[in-house]
Structures are given as structure tokens and as C-alpha cells.
Amino acid sequence: MELKSKRRVFFKEKANHEISESLRVIRTNLHFLDEKERGRTILVTSSTPREGKSFIAANYAMSIAITGKKVLLIDCDIRRPRAHESFGKKVEKGLESILLGEKNSRDVILKEVEKNLDVLPTKYIKSNVTELFLGDRMKRVIEELRDEYNTIVLDTPPLVVASDGAILSKYCDGVVFVVSYDQVSKSELEFSKKMLDNAGANLYGFVVNRVEKNGFSYGNYCYYNNNYTYYKDYYLDEERGQSRSKPKSKMEKYMEKLKKAYRRELSGNQKGKKY
Ligand SMILES: Nc1ncnc2c1ncn2[C@@H]1O[C@H](COP(=O)(O)OP(=O)(O)OP(=O)(O)O)[C@@H](O)[C@H]1O
Ligand SMILES: [Mg+2]
């Protein structure tokens, strides 16, 4: 289904030379890091919201598809699904329905949204999302699809908001960590890095996003002091004022504990500071 969206995939647009050039550099660097002819799975994440994960994931996927290789972009951000919007699509059912055991991947993959590029979208659901990723289903979805694609790109939620990215990193060959210039604090980065290390993720590298040609961030519009409120908004956005149900699993309880400790640290030490 078509949807009017302001989100754009720059890679195909000749007019955006600088962005396309940066994306080519990312493509080349990742290519040489870990060459594979089939089923290379790359996860894109960041510490905090709005750093450009979905933008990088969609454009990177596109940059590979353009070379003639078959690519799948999976939207693993069930809290705030965006991947479909980059291609002007609407979603009826997606990854959430596979994880809930209602559909299989063939029913919901959007084929050829661009030449050589398929998208496994997701639809927002009001449930304890991390639980869905902790089961075996996501692992099976990826295993099932590996043979069909040269590259699979996973778009995930920010690590300070949810541990989904860390959990999913176990099923991926490597992780691309997006860092929005001048938006994220040192402790947020350290926290996220620790989370990935604990999960045993293979960190391919960092992509520094939102850097102006002169070396400054553009507008710095995302800077915030009250981190806790900001992250809470990530959930409230779609849940119309209701907070998320409490996590139940051991892993999620552990992650929540880490997050609470981290938030305490933030409110004590960092209010108003810039890094
Ligand atoms: N380098 C860039 N150049 C131009 N626009 C960008 C760039 N990076 C991100 N954007 C735009 O900024 C907005 C936020 O980016 P995006 O949605 O990719 O962030 P995100 O990290 O996926 O956010 P969330 O945490 O909510 O999932 C989008 O409208 C996106 O198109
Ligand atoms: Mg996103």
C-alpha cells in the first residue's frame, strides 16, 4: 500500500551527492570487514532515539540493492516501526505477526519495494515486545531467510530504551552503531557499548551521523537534558498515554535493573551537561 511520507531514501537520488558518497564509504568499509556471498546479517542500532538508525539502515540496504545483490530490510522496532515509511508503504501485518505465530515471513514481506530490495515491515503492537525477541522465533526467521538474500539489515530501537538490539545482535554477523553528533552523552554511549559487549555482539563500527559539512551537528535539535522523560516518550508516543507493562523475563529484568541504575546516575551527575 502506498503512503505519503516525508521520509526518504537518499541513496537513489543523484542530487544528494554528499550523503550518497558517505553511504558508499559505509558500504565499502562493511564489505571489506566480513565478505560473504549469502545471508550476511547486519544490525543497526544506537544509544538514544532519533540518531538516524532507520535512515542509515534503509539507505545502506538500498546501497547494496543498487549493486544487484538481493537485500532484505527487517524492521525490528516494534515500538516505533518506520522502515516501511522510507519506501512509502503501509503495513497491515508484519514481523509482529510472525513473532506471535500468526503469519509466516512469506505472507508479510513486501517484495521489491525497490529493485532487489524487500522489506519485512512491522506494525506497532501493544505488548511486551522484548519478550517476543527472547524466544526462538526471531532466530528461526533469520535462519529461514538467510539463504534467500545476500544481505539482511535489521533496524532496531535505541539501546537505552530497549534491550532488543542487544538480544538480536546474537543472531547477526555484526553491528553498526549509529552515533548522532553532539546528541548523545558519553555515559549513554558507554552504557550501550556495555550492553552490546554483554550480549557478545560483534561491533563492526560506528557511523557518526548528522554532521554538517563544517563539522558541526545540524541544528542540535535533538539535544535534551531530561533523558528519562525523553525515553519514556518513546513508549508513550504510540501507547496513547499508557505506560508499558512490566517486563517479566530474567534477561529483561536484568536489563531493566541496569537501566534504572544508569538513569539514577544520569539524573545525579549529568543534568544539563554537554559532551
Ligand atoms: N544523515 C541524515 N541526513 C538527513 N536526514 C536524516 C539523517 N539522519 C537522519 N535523518 C532524518 O532524521 C529523522 C530521524 O531519523 P531516524 O528515524 O532514522 O532515527 P532513528 O534513530 O531510527 O529514530 P528512532 O529511535 O525513533 O527509531 C528522520 O526523518 C530521518 O530521515
Ligand atoms: Mg528508527
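- The name recorded for the protein chain in an unreviewed UniProt entry is non-specific protein-tyrosine kinase, from Cetobacterium ceti.
- As its UniProt record puts it under Catalytic activity (unreviewed entry), the protein chain is described as follows: "L-tyrosyl-[protein] + ATP = O-phospho-L-tyrosyl-[protein] + ADP + H(+)".
- The record in UniProt for the protein chain states the following under Sequence similarities (unreviewed entry): "Belongs to the CpsD/CapB family."

1. Regarding unusual backbone geometry
No. 1: Even without glycine at this site, Glu112 takes up a positive phi of about 45 degrees.
No. 2: Along the polypeptide, Glu112 turns up in strand β3 (residues 110-114).
No. 3: Taking the number of C-beta atoms within 10 Å as the measure of exposure, Glu112 has 12 and is therefore exposed.

2. Quick notes on the site of ligand 1
No. 1: Neighbouring ligand 1 are 16 residues; Pro49, Gly52, Lys53, Ser54 and Phe55 lie closest to it.
No. 2: Of all the elements, helix α2 (residues 53-65) adds the most residues to the shell around ligand 1, at 3 residues.
No. 3: Residue classes in the shell around ligand 1 are distributed as 4 nonpolar, 4 polar and 8 charged.

3. Considering the nonpolar core
No. 1: Residues Ala61, Leu73 and Val153 are the most contacted members of the largest nonpolar core, which totals 60 residues.
No. 2: By residue number, the principal contributor to this core is α2, which donates 9 residues.
No. 3: In contact with Leu73, other than residues within four places in its own chain, are Ala57, Ala58, Ala61, Ala83, Leu117, Val119, Val153 and Asp155.

4. Structural notes on the sheet that holds strand β7 (residues 203-209)
No. 1: As summarised here, the arrangement of the 7 strands in space is β3-β4-β2-β5-β1-β6-β7, forming an open sheet in which the pairing is mixed. Bordering the open sheet on either side are β3 and β7, each of which pairs with just one other strand. When the angles between neighbouring strand axes are averaged without regard to direction, this sheet yields 25 degrees.
No. 2: Where β3 and strand β4 (residues 117-120) come together, 2 bridges link them in antiparallel fashion. Looking at the pairing, Leu110 lines up with Val119 of β4.
No. 3: Sitting on the sheet, helix α6 (residues 137-146) touches β1 (40-46), β2 (71-75) and β5 (151-155), and the angle it makes with β5 is about 150 degrees.

5. Some thoughts on the environment of Lys89
No. 1: Tracing the backbone through its elements, the reader meets Lys89 in the loop between β2 and α3 (95-99).
No. 2: The class of Lys89 is partly exposed, set by 16 C-beta atoms lying within 10 Å.
No. 3: In this structure, the C-alpha to C-alpha distance between Lys89 and Val113, residues 24 residues apart in sequence, is 8.3 Å.

6. Some points on α2
No. 1: Helix length check: α2 (13 residues) gives 18 Å between terminal C-alpha atoms against 18 Å at 1.5 Å per residue, within 8%.
No. 2: Summarising burial for α2: 13 of the 13 residues are buried, a large majority.

7. Some points on the pairing of β7
No. 1: When strand β6 (residues 174-180) meets β7, the two strands line up parallel, connected through 6 bridges. Along β7, the bridge assignment pairs Val175 with Leu203.
No. 2: What joins β6 to β7 is helix α8 (residues 186-199), and the crossover it makes is right-handed.

What counts, and at which threshold
- Residues numbered from 1 in each chain as written.
- Chains lettered and ligands numbered in written order.
- Predicted model: local features only at pLDDT ≥ 70, side-chain atom pairs only at ≥ 80, totals over all residues.
- UniProt positions renumbered as here; feature names shortened; annotations may be inferred.
- Helix = DSSP H or I, 4+ residues; strand = E, 2+ residues; numbered from the N terminus.
- Buried ≥ 20, exposed ≤ 12 C-beta atoms within 10 Å, placed from the backbone.
- Near = placed C-beta within 6 Å.
- Nonpolar A, V, L, I, M, F, W, Y, C, P; charged D, E, K, R; others polar.
- Core = buried A, V, L, I, M, F, W, Y, C linked by C-beta atoms within 7 Å.
- Contact = placed C-beta atoms within 7 Å.
- Pairing = 2+ DSSP bridges.
- Axes fitted to C-alpha atoms, helices over the stretch in contact; angles between N-to-C directions.
- Expected span 1.5 Å × (residues − 1).
- Right-handed = clockwise from strand over helix to strand, strands pointing away.

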